[in-house]
Structures are given as structure tokens and as C-alpha cells.
Amino acid sequence: MSAIELTNLTKNYGKSRGVIDVSLKVETGMVMGFLGPNGAGKSTTINMLVDLIRPTSGQIKLLGLDSRRDSVAIRRRVGFLAGDFALDMELTAWQQLEYFGNLHGRFNRVYVQQLAKRLDCDLGRKFKSLSRGNRQKVGLISALMHEPELLIFDEPTSGLDPLMQAEFNKIMMECRAQGKTIFVSSHALNEVQALCDHVAFIREGRLIAVKQLEELNDATTKNIRVTTKDTKLLAALAKLPGVKVQNRANTFTEFTSTGDINAVLALLAKHKVQDVTINEADLETTFMQYYEDANV
């Protein structure tokens, strides 16, 4: 059973673009990153997932249940953090979490305290007195405290310092090891690269690619620098498929190679070189390639 199944999901805002014919499956136990620029449709999709807004057409199933008909049952099994959540400013963080726990029908005080300790969050202060980062911590605890099967996050580490981001990542890896499913939208691409095993790209309301992270890394551009005086080698490199020369000086050439690098390595092995440096592009570079490629 898929933890998330979207079928021809569309949200029409009239003249404004929403989400257009999105179909996506997220299998149980998968960690899916959901990437796209501002206005691409990420938050709209997530808000439809948790039934905060209704689709114009299409179907959503979470944990095998219909998102509208079974919304109450789903909420008991899903942890959700919105990108722009708001809590009662006059309640302490503890009171707010206790309220949410009573709504869920379950409030594990010990686990809440453990999460607060790990995230260095003072639950005795009123929400209005908390910093942006500490408010985010309360939101994270509210999503995690009932130990849900499915976690849906929209920009989960926004406002957190690097230490807390690392602790959040550790908690997510523990959830993953327990077989839980995680769906996370984030602009922190290094975070997505650290957490996710699959990535979905959305642009202008349309899903343009769903890739395994390993597959994505294999297909990304490599930045290569070769130091050599062999002009025949440099000429041969420039003719290889997927190779683009970026910079050339007296003794070195810098170029990029997309896809399988074995052809480049095989050619280098046949010639005399003084030095070779190969750097794989990170997810941010890959992300930009997808949005700059008009043919995607």
C-alpha cells in the first residue's frame, strides 16, 4: 500500500495557476523530498494532502484512505507541520501541545519532554515570547508527539540553527528506521540530500520528474579539472558526448561531464596527465539544471 497516492490532482484558482494534473505515489517507508521554486505549487499540494484546501479535481489517498471521506481517521495517523503555522499566543508551549494531544486523544508527556530536551525547547514560556526558531521547535514537536505513521512537513527547519537542524535530521533518520513515511518540502537542498531517498520536482504547478536520489546523483553534472600538456587529449575530451569545456589555460582545462563518466575516465587512462580533480555537483546544482532546461 502506498502511504501517499495522488491521481490527476488539480487545483484551479481561476486566473491564477495552482496545481495541474499531478499524479504521484510515495510508498510506505519512503522519504520523499518535494522541490520547486516559490509559487511552483508545493504548499498548495501539501495543503490538499491534509485536507486544508480541496482539489478542483483528482483524488488523494493517504495510508489507503480517502483524504476527504476519511479525514478524521487520517489525522490521527499523520503528523503535519505547515510552512506558516500559527498557535495561540497566550498559551505556553506546553499548554498548546497538551491541547493538541487531547484533540488526538493521546498525550505522551514523557515523549514530549524527550523531544523538547533534544530540540532544546523551553515549553514553559508563552508562545508569544518565543523566538522564530523556538516557535518552529514547538511546531515540530506537535507534528511528532503522537508518533504518527506518516509525516508531512513544509519547510521543517526554517528558523532553526545548524545544531538543531542536525538534531532534526537525526530524529527523521530514527523515524525512517522505524518504517515511517516522510514527505518533506524544503528550500534547504542540503537537508533534502541528507534525508531523502527520492525527490519529486514540481514547476509551474506540474510534476516534471520523480527520481531516486542515487539515480539523480548518477545523472548529475560532474566538474572536472585536468592538468596536462597533451593537446590531443584536450581535443579528444571536448568531442566526448556530454562534455562541455568551461575554462582552458596553458596547462589545465576545466570542463563539465553529464551522465556516465566512464568514457572520460577511459580516455584519461590512455594519456599522460599530471593531475585530475572530479567534483560531483550537489543537489542545488541539479535542481537548477531541471529548472533551466526548457525541455524537461
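The structure presented is a predicted model; accordingly, all values stated were derived computationally and were not measured.

A. Layout of the overall build of the protein chain. Within the protein chain, the secondary structure is distributed over 11 helices and 14 strands. Based on the C-alpha atoms only, the size of the protein chain along its principal axes is roughly 75 × 45 × 35 Å. Buried residues in the protein chain amount to 47% of all 296 residues. The long-range fraction of contacts in the protein chain, counting pairs at least 24 apart against all pairs at least 6 apart in sequence, stands at 68%.

B. Representation of helix α1 (residues 42-49). In terms of burial, α1 is largely enclosed, as 6 of its 8 residues are buried. If you check which residues of α1 are buried, you get K42, T44, T45, I46, M48 and L49. D51 occupies a position one or two residues after α1 and carries a positive phi of about 65°.

C. Expanded view of the sheet that holds strand β4 (residues 57-62). If you trace the 4 strands from one edge of the open sheet to the other, you get β2-β1-β4-β5, paired in antiparallel fashion. Of all the strands in the sheet, the pair left with one neighbour each is β2 (16-27) and β5 (65-66). Summarising the sheet, strand β1 (residues 2-13) and β2 pair through 7 bridges and their orientation is antiparallel. When the bridges of β2 are listed, K11 appears paired with V19. Contacting β1, β2 and β4, α1 crosses the sheet at an angle of about 120° to β1.

D. Structural view of the pattern of salt bridges. Applying the stated criterion across every chain yields a total of 12 salt bridges. For K126, the salt bridge is made with E90, and the minimal N-O distance between the two is 3.6 Å. Of this pair, K126 sits in the loop between α4 (109-118) and α5 (132-144) while E90 sits in the loop between β6 (78-81) and α3 (93-104), and the two are 36 residues apart along the sequence. A relative accessible area of 37% means that K126 is categorised as partly exposed.

E. Molecular detail of the side chain of K137. With respect to the helices and strands, K137 occurs in helix α5. One buried charge, K137, has no salt-bridge partner; the nearest side chain with opposite charge is D120, at 4.6 Å. In this view, K137 contacts L119, D120, C121, L160 and M164; residues no more than four positions away in its chain are not counted.

F. View of the state of the cysteines. One pass over the structure, following the stated rule, counts 0 disulfides. In this structure C121 is not part of a disulfide, and its nearest cysteine sulfur, from C175, lies 17 Å away. Not engaged in a disulfide, the cysteine C175 finds its nearest cysteine sulfur in C196; these two sulfurs lie 13 Å apart. For C175, a relative accessible area of 5% gives the class buried.

G. Geometry of the packing of aromatic side chains. If you walk through the whole model with that rule in mind, you get 4 aromatic pairs. With centroids separated by 5.1 Å and ring planes inclined at 40°, the aromatic side chains of F34 and F183 adopt a geometry described as tilted. Taken together, the residues span a long stretch of sequence, with F34 in strand β3 (residues 31-35) and F183 in strand β8 (residues 181-185) at a distance of 149 residues. One exposure class covers both F34 and F183, and it is buried. Note on F153 and F168: the rings are 5.6 Å apart at their centroids and 80° apart in plane angle, and the pair reads as edge-to-face. Here F153 is found in strand β7 (residues 150-154), whereas its partner F168 is found in helix α6 (residues 162-177), with 15 residues between them in sequence. Pair check on accessibility: F153 and F168 agree, each one buried. Here the basic side chain of R135 rests over the ring of F127, its NZ or CZ set 5.2 Å away from the ring centre.

Rules behind the numbers
Residues numbered from 1 in each chain as written. Predicted model: local features only at pLDDT ≥ 70, side-chain atom pairs only at ≥ 80, totals over all residues. Heavy atoms only, no water. Helix = DSSP H or I, 4+ residues; strand = E, 2+ residues; numbered from the N terminus. Buried < 20%, exposed > 50% of the residue type's maximum accessible area, 1.4 Å probe, protein only. Contact = heavy atoms within 4.5 Å. Pairing = 2+ DSSP bridges. Axes fitted to C-alpha atoms, helices over the stretch in contact; angles between N-to-C directions. Salt bridge = Lys/Arg side-chain N within 4 Å of Asp/Glu carboxyl O. Lys, Arg positive; Asp, Glu negative; His and termini not counted. Disulfide = S-S within 2.5 Å. Phe/Tyr/Trp six-rings, centres within 6.5 Å; stacked < 30°, edge-to-face > 60°. Lys NZ or Arg CZ within 6 Å of the ring centre and 35° of its normal.

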